[in-house]
Amino acid sequence: MSMSDMRARRGGKKAFLFNMIIVGQAGLGKSTFINTLTNHPTIPKRQCDDPAQCTLEKTVDIQAYTVETDEDGMKMQLTVVDTPGFGENIDSSTHFNEILSYIEHQYDDVLAEESKIKRNPKFQDSRIHVLLYFIPPTGHALREIDIELMKRLCGRVNILPCIAKADTLTPKELAAFKMRIMEDIAVNEIQVFDFPCDENEDDDETMQENLELRSLLPFAVVGSDDTLLVNGRTLRARQYPWGIVEVENMKHCDVAQLRSVLLSTHVQELKELTHDVLYEAYRSEKLSQLEGLAEKLAELNMQAQEQQPGSV
Amino acid sequence: MATNTKSIGIANLPNQTHKIVSRKGTTFTVMVVGESGAGKTTYVNTLLTTTIKSYRDHSKRRDALSRKTVSIDVIRAAFDENNFATQLNVVDTPGFGDYVNNRDAWQPLVDFIDGQHEMYLRQELQPHRDDILDGRVHACLYFISPSGQTLRPLDIETMQKLGSRVNLIPVIAKADTITPKDLAAFKRRIRDAINAHNIRIYAPPVESETEGVSERNQAMVDAMPFAVIGSEDDVVTPDGRTVKGRQYLWGVSEVENEAHCDFKKLRNLLIRSHMLDLITTTEDVHYEAFRSEHVSTDGRVVGSVARKDAKFKEEEDALRRRFAEQVKAKEAMFRQWEQKLIGERDKLNKDLEHEHSYITALTQEIKQLEDKLNKK
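Per-chain numbering applies: the sequence of each chain, read as written, is numbered from 1 onward. Chains carry letters and ligands carry numbers; both start at the beginning, A for chains and 1 for ligands, and go up in the order they are written. Given that the model is predicted, a residue must reach a pLDDT of at least 70 before its local features are reported, and side-chain atom pairs must reach 80 or more before they are shown or counted; all residues, however, enter totals for whole chains, interfaces and linings. Excluding hydrogens and water, the side-chain values take into account all heavy atoms of the structure.

- Taking an unreviewed UniProt entry as the reference, chain B is identified by name as Septin-type G domain-containing protein belonging to Allomyces macrogynus.
- UniProt positions are given in the numbering used here, feature names are shortened, and annotations may be inferred rather than shown by experiment. In the Sequence similarities (unreviewed entry) part of its UniProt record, chain B is described as follows: "Belongs to the TRAFAC class TrmE-Era-EngA-EngB-Septin-like GTPase superfamily. Septin GTPase family."

- As recorded in an unreviewed UniProt entry, chain A goes by Septin-type G domain-containing protein and comes from Allomyces macrogynus.
- UniProt lists a comment for chain A under the heading Sequence similarities (unreviewed entry), and it reads "Belongs to the TRAFAC class TrmE-Era-EngA-EngB-Septin-like GTPase superfamily. Septin GTPase family."

The following block contains the structure:
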């Protein structure tokens, strides 16, 4: 099955709406990665020039940026939500809830819209379809903050873990690091988006593709704002005194595969999972909470009435 | 004062001092502080060209995470180079900065440094002080994550607390993450942040009488914070040299190549040229500051809080081990006694049986004789 056939199966040439949120500590190359992905200076460079200011403790400063992309003929309206400030405090315990609230807020908007009698035809669905979590390249394993974030959010959003600045690690170190991360994810029972494939439903090629992508998890990411001339071609790359790292080179990192996952091959699946599974789960929880509250309220009303027998 | 034009040999004193010092040897203590995965262990092992500090045991990582503490580990090693003996101590701080909540993570570090000063002070005030154990920290390497941005709140707070107590040397590890252009900007932002927050870092003396040394020292100061790459492995560069470095698919970053990182400068600072200055600054500046606050005018130690530092932990461990050994020895003794008693019992049982069978035999004989008698 060719690329165009797959696209036709997954939704064709309509302009798609796709929302992603990117989470990770400062300096991991999140903005650079997004700009590399969209080939456009989507997220402005965050340079703090006042040394006295930028070390204050803050909340997460959630900001959304929208850009139009065209990947393999597939037009998309991509919204990227950035979360600067995450994990930067001495005590970052409150940051998880800040991000969770944002995601749930988008679900609330859809819930409210669905319940309206007269719906807004121009309603923009801003539910988050995928969360890219950037893990710092320590080479060891997941830290407490990584585990906590993914654990708390995996029930509300599809998570794709990525190793940031992967050019810090030698190939051997990278392989061992990836293995330990996936072990930690399994032990902590974190559900990440692991390219699920169904033997009965999918054909061999799709299954093969998904298994290959699953084996790449977590994706090794390298980003660059600069382009260099390498062997006569202009490429996005990073220049070191000892060599050049090419962002699009599949031997150097996994950006090429990640880009096709995020901008063409798995867009539909991520959206479906968000709507059919994650949103539905949130909806039933929320509604049963409201039901529970309504029941309690009714009980309290009855109790109040019983205590005042004279007033009817 | 009379001046003497003939030499009497006083100029030979430095040589005598050299002999005395080289015979006595020295102690040098370095503390390494930084998040897990910052590159501390690799750096220390690269610096000392031996695996003095063991790498993290990943199979135990879940227990470490659940404990949520910052601990102090002291690794001691004896070095002997050209007949000069050095007792080298490396103080590690596992758990620092590793958690979601790192409030007061610097407290155990500060307690340790102050505790060492206090230990020295108490020994110094003793009537007999010829065998003082000196565990004072001479240099503290603070490892900054190579984010490329600037210092974080935890870095600022910790460096402020450390800088006033010990020679603080900020270091950027895993320097092969950052391109040279970004590295220069990063260093500049760190220096600005250090100045803006009044953090005291170690400033090596620049001026020197020897030619060329002043320039070298100035270059050293300009390069701070040092960006280092660590590696214990030998790799082969594309042009055929075998060096200590890291092998990537796109090239080899070399530890000792000054164009790649500042490893050589930091090694010179710590060992080759400024080790003595680090030691004397610790003694003359930091220790004296501690002393003036903690010794009253009649010579007693005041203001010390009972702190649980590494020395006590070591003693505690040693006592516990001795106790366990004694218990084991007693148990072994008891078991031996038990065996002996069992042996005795068996022997006595056997004797009893023997006697019993003898009695039975005799009774039989009597019976036989009686029968015989009766028959007659």
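Still more ground to cover, so stick around.
**Some thoughts on the overall build of chain B**
Phase 1: Along its length, chain B carries 10 helices and nine strands.
Phase 2: Its C-alpha radius of gyration of 33 Å places chain B more than 25% over the 21 Å reference for a compact globule of 376 residues.
Phase 3: Buried, partly exposed and exposed residues are distinguished by accessible area as a fraction of the type maximum, computed with a 1.4 Å probe on protein chains only: under 20%, between the cut-offs, and over 50%, respectively. Counting the 376 residues in chain B, one finds 42% classified as buried.
Phase 4: Excluding contacts between residues fewer than 6 apart, the proportion of contacts in chain B whose partners are at least 24 apart in sequence is 68%.
Phase 5: In short, Shrake-Rupley with a 1.4 Å probe defines the accessible areas, and a residue's cover is counted only from the protein chains shown. For chain B, the exposed area adds up to about 22,600 Å²; of that, 52% sits on carbon and sulfur atoms. What counts as a helix is a DSSP run of H or I of at least four residues, what counts as a strand is a run of E of at least two, and both are numbered from the N terminus. With C-alpha atoms as the basis for the radius of gyration, the globule rule is written as 2.2 Å multiplied by the number of residues raised to the power 0.38. Throughout, a residue-residue contact means that at least one pair of heavy atoms, one from each residue, lies within 4.5 Å.

**Overview of the interface of chain B and chain A**
Size of an interface: often given as the accessible area lost when the parts come together.
Phase 1: Contacts between the two partners involve 47 residues from chain B and, on the opposite side, 52 residues from chain A.
Phase 2: Values labelled buried area give the accessible surface lost by two parts on being combined, using a 1.4 Å probe and summing over both. Buried surface at the junction of chain B and chain A, summed over both partners, amounts to about 4,200 Å²; 55% is from carbon and sulfur atoms.
Phase 3: The largest per-residue losses of area from chain B upon contact with chain A belong to Val-100, Pro-153 and Trp-250 of chain B, which jointly make up 20% of the total buried on that side.
Phase 4: Salt bridge criterion: a side-chain nitrogen from Lys or Arg within 4 Å of a carboxyl oxygen from Asp or Glu. Where chain B packs against chain A, one counts three salt bridges.
Phase 5: A salt bridge links Glu-173 of chain A to Arg-246 of chain B; its shortest N-O distance comes to 2.7 Å.
Phase 6: Polar contact is the term for a pair of N or O atoms within 3.5 Å; when the atoms are in protein, one must be able to donate a hydrogen and the other to accept it, and sequence-neighboring residues count only if both atoms are side-chain atoms. Applying the counting criterion to the chain B and chain A interface returns 13 residue pairs in polar contact (both at pLDDT 80 or more).
Phase 7: Of all elements in the fold, only helix 3 (61-67), helix 5 (153-163), helix 6 (180-196), strand 8 (242-248) and strand 9 (251-254) of chain B reach the threshold of two or more residues within the side of chain B that touches chain A.
Phase 8: With six residues, helix 6 of chain B is the largest single contributor of residues to the side of chain B that touches chain A.
Phase 9: Its residues assigned to classes, the side of chain B that touches chain A comprises 17 nonpolar, 15 polar and 15 charged. Side-chain classes are defined by residue name, with Ala, Val, Leu, Ile, Met, Phe, Trp, Tyr, Cys and Pro counting as nonpolar, Asp, Glu, Lys and Arg as charged, and the others, Gly among them, as polar.

**A short note on the nonpolar core**
Phase 1: Among the nonpolar cores identified, the biggest contains 82 residues, and Met-20, Phe-33, Tyr-133 and Leu-160 of chain A are the most heavily contacted of them.
Phase 2: In terms of residues, this core owes the most to one element, helix 3 (residues 95-115) of chain A, which gives seven residues.
Phase 3: Definition used in this section: a nonpolar core is a set of buried Ala, Val, Leu, Ile, Met, Phe, Trp, Tyr and Cys residues joined via side-chain atoms within 4.5 Å. Core analysis: the next-biggest nonpolar cluster, separate from the first, contains 66 residues, Val-30, Val-91, Leu-141 and Ala-227 of chain B among them.

**Points about helix 4 (residues 107-124) of chain B**
Phase 1: Take the residue count of a helix, subtract one, and multiply by 1.5 Å to get its expected span. Relative to the 26 Å expected for 18 residues at 1.5 Å per residue, helix 4 of chain B spans 26 Å between its end C-alpha atoms, a close match to the ideal helical length.
Phase 2: Helix 4 of chain B sits mainly inside the fold: 14 of its 18 residues count as buried.

**Details of empty space enclosed by the protein**
Phase 1: Cavity: a set of points on a 1 Å grid over the protein atoms alone where a 1.4 Å probe fits but cannot get out. Pocket: an open set with protein on both sides within 12 Å along at least five of seven lines, its lining residues, like those of a cavity, having an atom within 4 Å of a point. Grid points are joined across faces, edges and corners, and a volume is the space filled by probe spheres set on the points. Counted according to the given criterion, the structure contains four cavities of 30 Å³ or more.
Phase 2: Computed from the structure, the largest cavity encloses a volume of approximately 280 Å³.
Phase 3: Along its surface, the largest cavity is lined by 21 residues, and Leu-28, Pro-136 and Pro-137 of chain A together with Ser-145 and Pro-146 of chain B are the ones closest to its centre.
Phase 4: Here the lining of the largest cavity is composed, by residue class, of six nonpolar, nine polar and six charged.

**What to know about the sheet that holds strand 1 (residues 26-33) of chain B**
Residues and elements named next belong to chain B.
Phase 1: An order of 2-3-1-4-5-6 is seen for the six strands of this open sheet, with the pairing classed as mixed. A strand with exactly one partner marks an edge of an open sheet, and here the two such strands are strand 2 (73-81) and strand 6 (226-227).
Phase 2: Strand pairing is assigned whenever DSSP identifies at least 2 bridges connecting the two strands. By the bridge criterion, five bridges tie strand 4 (residues 139-144) to strand 5 (residues 168-172) in an arrangement that is parallel. Bridge pairing in strand 5 links Leu-141 to Ile-169.
Phase 3: Contacting strand 1, strand 2 and strand 3 (84-92), helix 4 crosses the sheet at an angle of about 170 degrees to strand 1. Every angle, taken between N-to-C directions, lies between 0 and 180 degrees, and every axis is a line fitted to C-alpha atoms, over only the stretch in contact when it is a helix.

**Concerning the packing of helix 4 of chain B against helix 9 (residues 275-294) of chain B**
Residues and elements named next belong to chain B.
Phase 1: Packing of helix 4 against helix 9 brings their axes to within 10 Å, and their N-to-C directions diverge by 80 degrees. Put simply, helix 4 runs roughly perpendicular to helix 9. Between helix 4, through Asp-114, His-117, Glu-118, Tyr-120, Leu-121 and Glu-124, and helix 9, the contact on the second element is made entirely by Thr-282, His-286, Tyr-287, Phe-290, Arg-291 and His-294.
Phase 2: Each residue belonging to the contact of helix 4 with helix 9 can be placed in one class, and the counts come to four nonpolar, four polar and four charged. Here roughly perpendicular refers to angles of 65 to 115 degrees, roughly parallel to angles under 35, roughly antiparallel to angles over 145, and oblique to all remaining angles.

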